[in-house]
Amino acid sequence: MSGLIALVGSGEYLPVMDEIDRHLLASVQANGTAPTVVCLPTAAGQEGKESVGRWLRMGDEHFREMGAVVHALPIIDRAAAEEVQYAAIIEAADLIYFSGGSPRYLYETMAGSRAWTAAETAWKRGSVYAGCSAGAMILAKTVPNFREMGLRSSPGFGIVEAEYVMPHFNHAGPFKYLMRLLRRRLSDGQFMLGIDEDTALVGKRGGEWKVMGASQVHVITKNREQSFTAGESVRMPGKDGR
């Protein structure tokens, strides 16, 4: 994939994300026209119409204020993810943004769908992927089940080399135990990413990654943790775990 990827810890569509989202929009090649953004509330698909509607409105208002053409699509279940008309809109987008909710539901809804295939096609030609919370977690190799405190996990898309991507890292609360448990399970050469709230890790697969936003990004192996602040480049660990 050639487009930028933004892994966001929290704060989607809020003013705290303005600088980051303007950076993402500026990275696309819109050929002098307004960039096109697709906002997807899929991860909140089980939360009801009010929650889904709120994410749709927030995404639409946030990016329209930045001068983008916005398509806030109600892809909240597998049937919608197979809609040909939605897939066509996603494939033509310059920025595809997944807001938060349930990472497991998001992965199961998207994996193998027309919508996900369209997103992959868009990224290959240079479109941006932005995922907040659940939207970031599904890009890792594995998605832990929070309700079962990590005793069971689901596959992720494995687009990011991290074993896990953990959002809300500086306010994990009761999930700090889960973080410790997941860390102990890491093998040599594996690592997980912790992304603080109101913070993003932005980069390209196989390329440079930088921290943007209010706080830090943490690269965690079984025996080591490194923290990086805004403006710093993040070096992903190699197979030797360093």
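This is a predicted model, so every value here is computed, not measured. (Residues numbered from 1 in each chain as written. Predicted model: local features only at pLDDT ≥ 70, side-chain atom pairs only at ≥ 80, totals over all residues. Heavy atoms only, no water.)

Colleague: I would appreciate a short explanation of the overall build of the chain in the present structure.
Modeller: Looking only at helices and strands, the chain features eight helices and 14 strands. Expected size for 242 residues packed as a compact globule is a radius of gyration near 18 Å; at 17 Å, the chain falls within 12% of this value. By principal-axis analysis of the C-alpha atoms, the chain measures approximately 45 × 35 × 30 Å. Classification of the 242 residues of the chain by burial places 53% in the buried group. Once local pairs closer than 6 in sequence are excluded, the contacts in the chain between residues at least 24 apart make up 67%. For the chain, the computed accessible surface area is about 10,900 Å², with 48% contributed by carbon and sulfur atoms. One way to put it: in the chain the 26 positive side-chain charges average out to a point 7 Å from where the 27 negative ones average out. (Helix = DSSP H or I, 4+ residues; strand = E, 2+ residues; numbered from the N terminus. Rg over C-alpha atoms; globule rule 2.2 N^0.38 Å. Buried < 20%, exposed > 50% of the residue type's maximum accessible area, 1.4 Å probe, protein only. Contact = heavy atoms within 4.5 Å. Areas by Shrake-Rupley, 256 points an atom, 1.4 Å probe, with all protein chains shown as cover. Lys, Arg positive; Asp, Glu negative; His and termini not counted. Charge placed at Lys NZ, Arg CZ, Asp CG, Glu CD.)

Colleague: I keep staring at the pattern of salt bridges and nothing clicks. Help me out?
Modeller: Side chains that differ in sign of charge can pair as their charged atoms come close. In this structure the tally under the stated criterion is six salt bridges. For the salt bridge of R78 with E82, the shortest nitrogen-to-oxygen distance reads 3.2 Å. (Salt bridge = Lys/Arg side-chain N within 4 Å of Asp/Glu carboxyl O.)

Colleague: Would you take a moment to explain the sheet that holds strand β9 (residues 192-195) for this structure?
Modeller: Within a beta sheet, neighbouring strands are joined by backbone hydrogen bonds and run either parallel or antiparallel to one another. If you trace the four strands from one edge of the open sheet to the other, you get β8-β9-β12-β13, paired in mixed fashion. The sheet is open, and its two edges are formed by β8 (164-166) and β13 (225-229), each paired on a single side. Taking each pair of neighbouring strands and ignoring which way they run, the sheet shows an average axis angle of 15°. Here β9 runs beside strand β12 (residues 216-220); their pairing, made up of four bridges, is antiparallel. (Pairing = 2+ DSSP bridges. Axes fitted to C-alpha atoms, helices over the stretch in contact; angles between N-to-C directions.)

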